[in-house]
Amino acid sequence: MSDAKIHDLIIIGSGPAGYTAAIYAARANLKPLLFTGMGDGGLQPGGQLMITTDVENYPGFPEGIHGPELMERFRDQAVRFGTEVVYENVDKVDFSKRPFQLVSAGTTYLARTVIISTGARARLLGLANEKRLMGFGVSACATCDGAFFKQKDVCIVGGGDSALEEANFLTRFATKVHVIHRRDALRASKIMQDRALNNPKIDFVWNSEVVDVLDNGGNPPKVRAVVLADTRTGARSERATDGLFVAIGHIPNTDLFQGQLDLDDKGYLKVKPGTPETKIPGVFAAGDVADSVWRQAVTAAGTGCQAALAAERFLEAEGH
Ligand code: NAP
């Protein structure tokens, strides 16, 4: 089945980048169609802020705002100006000919321009309680949630630059930060290692895997401990703590584009530096899907705006 119409712009993804692109494009009368993604493959409607509680660093909200509420506002603003939101995944794309083709739920959509804002997802340990307690003491983002752990004891799992950077950041709030790593050597760069090893508020728990997270049974629940397994002996132990940060890397949501667009060695979409342009004219990327470094809602929104303006200029230059 095909909806036959050629859309000026189709946006894939509904985080801050996608909705900001939609707001700009809709105000420019491009009537964008935006696919939210439906949760599988990491692409969830609203993006990563949907698994955050309070967002305190998004400008314009001095009292903070809940992640899901912020994303509802993004969506309402995009819809107000004429964005059509489709609550489906995009299952297939073909950028080899114009108009570009996108297949969603058995229907083929045609587009003159496409903005990819499918984001990234935090790599998680894969524990049932990790998922259940996300936002209740478990977090995959120290920048977002660190400030809720003032004078608390926290654990962070991972041995790379992210884990150590986040551990350092968390010492601004927490009384003690325990870095739990599955080996006895860190993957992080020397400078990050030195900084963490010299920080008196950080200690290291080597050769240990987090195999469970326990809560206090309250409503809402609160993390009270992690269960560790020694990677050499398998011996299990419980460690009391107020929070668990998971910093074992991110996975960009780029499976859909493999073979059609260039990816960097970490799997992120490659764009021409300082622009939202991919290697295919008319296909743009915005937000975390093309950013392994900054990964903030506000930076994603900024690049979403750039992508919409770039799409608008592209269409104008093509006489549409
Ligand atoms: P990373 O370098 O891939 O490190 C991931 C860490 O998590 C590794 O120590 C890994 O352990 C551990 N890990 C992975 N899966 C695990 C699992 N299932 N259970 C337990 N531990 C697990 O990822 P990253 O730290 O997010 O860094 C990503 C990239 O961004 C890197 O290139 C990094 O240099 C860069 N970065 C740089 C900075 C900076 O320079 N300031 C800050 C952040 C990130 P193993 O070591 O045993 O594999």
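No experiment lies behind these values; they were computed from the predicted model shown.

Q: Describe the overall build of the protein chain, listing the residues and the values that go with them.
A: Counting secondary structure elements, the protein chain contains 7 helices and 19 strands. Taking the principal axes of its C-alpha atoms as reference, the protein chain extends roughly 65 × 40 × 35 Å. For the protein chain, the residues scored as buried account for 51% of the 320 residues in total. Looking at the protein chain as shown, the accessible area adds up to about 15,200 Å², and 50% of this sits on carbon and sulfur atoms. Each charge class in the protein chain can be summarised by its mean position, and for the 35 positive and 38 negative side chains these summaries are 2 Å apart.

Q: Before we move on, could you go through the state of the cysteines and cite the residues and values that matter?
A: One pass over the structure, following the stated rule, counts 1 disulfide. Distance from the sulfur of Cys-155, which forms no disulfide, to the nearest cysteine sulfur (Cys-141) is 18 Å.

Q: Can you lay out the pairing of strand E1 (residues 2–12) for me, pointing to particular residues and giving the numbers?
A: Two strands pair when backbone bridges link them, and E1 and strand E8 (residues 107–116) are joined in this way by 7 bridges, in the parallel orientation. Counterpart to Ile-10 in the pairing with E8 is Val-114. Pairing of E1 with strand E2 (residues 33–35), which is carried by 3 bridges, proceeds in the parallel orientation. Across the sheet, Ile-10 pairs through a bridge with Leu-33, a residue of E2. Tracing the backbone out of E1, into helix H1 (residues 16–27) and back to the parallel element E2 gives a crossover that is right-handed.

Q: Talk me through the sheet that holds strand E16 (residues 236–240); I want residue IDs and the actual numbers.
A: Working definition: the strands of a sheet are paired by backbone hydrogen bonds and lie parallel or antiparallel to each other. Overall, antiparallel pairing links the 3 strands, which are arranged E14-E15-E16 in an open sheet. Both edges of this open sheet fall to strand E14 (208–215) and E16, since each of them pairs with a single strand only. Going across the sheet, the axis of each strand differs from the next one's by a mean of 25°, ignoring polarity. Of the strand pairs in this sheet, E14 and strand E15 (residues 223–230) are connected by 7 bridges, and their pairing is antiparallel. The partner of Asp-212 across the bridge, within E15, is Val-227.

Q: Summarise the pattern of salt bridges; cite the residues concerned and give the values.
A: One pass over the structure, following the stated rule, counts 11 salt bridges. In this structure, Arg-112 and Asp-8 form a salt bridge, with 2.8 Å as the shortest nitrogen-oxygen distance. Pair noted here: Arg-112 is in strand E8 and Asp-8 is in strand E1, with a separation of 104 residues, a long-range link. Here Glu-277 ties to Lys-272 by a salt bridge, and the two come within 3.3 Å at their closest N and O atoms.

Q: Explain helix H5 (residues 161–170) to me, using residue names and the numbers behind them.
A: The element H5 is largely enclosed, with a buried count of 7 among its 10 residues. Within H5, burial applies to Ala-163, Leu-164, Glu-166, Ala-167, Asn-168, Phe-169 and Leu-170. Buried-residue contacts for H5 involve helix H4 (142–145), strand E11 (153–157), strand E12 (176–180), helix H6 (190–197), strand E13 (202–205) and strand E17 (243–246).

Q: Which residues make up the nonpolar core, and what values do they have?
A: Membership of the largest hydrophobic core comes to 31 residues, with the highest contact counts inside it found for Ile-11, Tyr-19, Tyr-58, Leu-70, Ile-115 and Phe-284. Among the secondary structure elements, those contributing two or more residues to this core are E1, H1, helix H2 (67–80) and helix H7 (297–317). Top element by residues in this core is H7. It accounts for 9 residues. In this structure, Leu-70 is in contact with Leu-49, Val-55, Tyr-58, Phe-61 and Ile-65, ignoring residues within four places of it in sequence.

Q: Describe in detail the sheet that holds E17, supporting the description with residues and values.
A: Strand order across the open sheet formed by 5 strands is E10-E17-E11-E12-E13, with parallel pairing between neighbours. Two strands lie at the open edges of the sheet, namely strand E10 (138–139) and E13, each paired on one side alone.

So, how was this worked out
Residues numbered from 1 in each chain as written. Predicted model: local features only at pLDDT ≥ 70, side-chain atom pairs only at ≥ 80, totals over all residues. Heavy atoms only, no water. Helix = DSSP H or I, 4+ residues; strand = E, 2+ residues; numbered from the N terminus. Buried < 20%, exposed > 50% of the residue type's maximum accessible area, 1.4 Å probe, protein only. Areas by Shrake-Rupley, 256 points an atom, 1.4 Å probe, with all protein chains shown as cover. Lys, Arg positive; Asp, Glu negative; His and termini not counted. Charge placed at Lys NZ, Arg CZ, Asp CG, Glu CD. Disulfide = S-S within 2.5 Å. Pairing = 2+ DSSP bridges. Right-handed = clockwise from strand over helix to strand, strands pointing away. Axes fitted to C-alpha atoms, helices over the stretch in contact; angles between N-to-C directions. Salt bridge = Lys/Arg side-chain N within 4 Å of Asp/Glu carboxyl O. Contact = heavy atoms within 4.5 Å. Core = buried A, V, L, I, M, F, W, Y, C linked by side-chain atoms within 4.5 Å.

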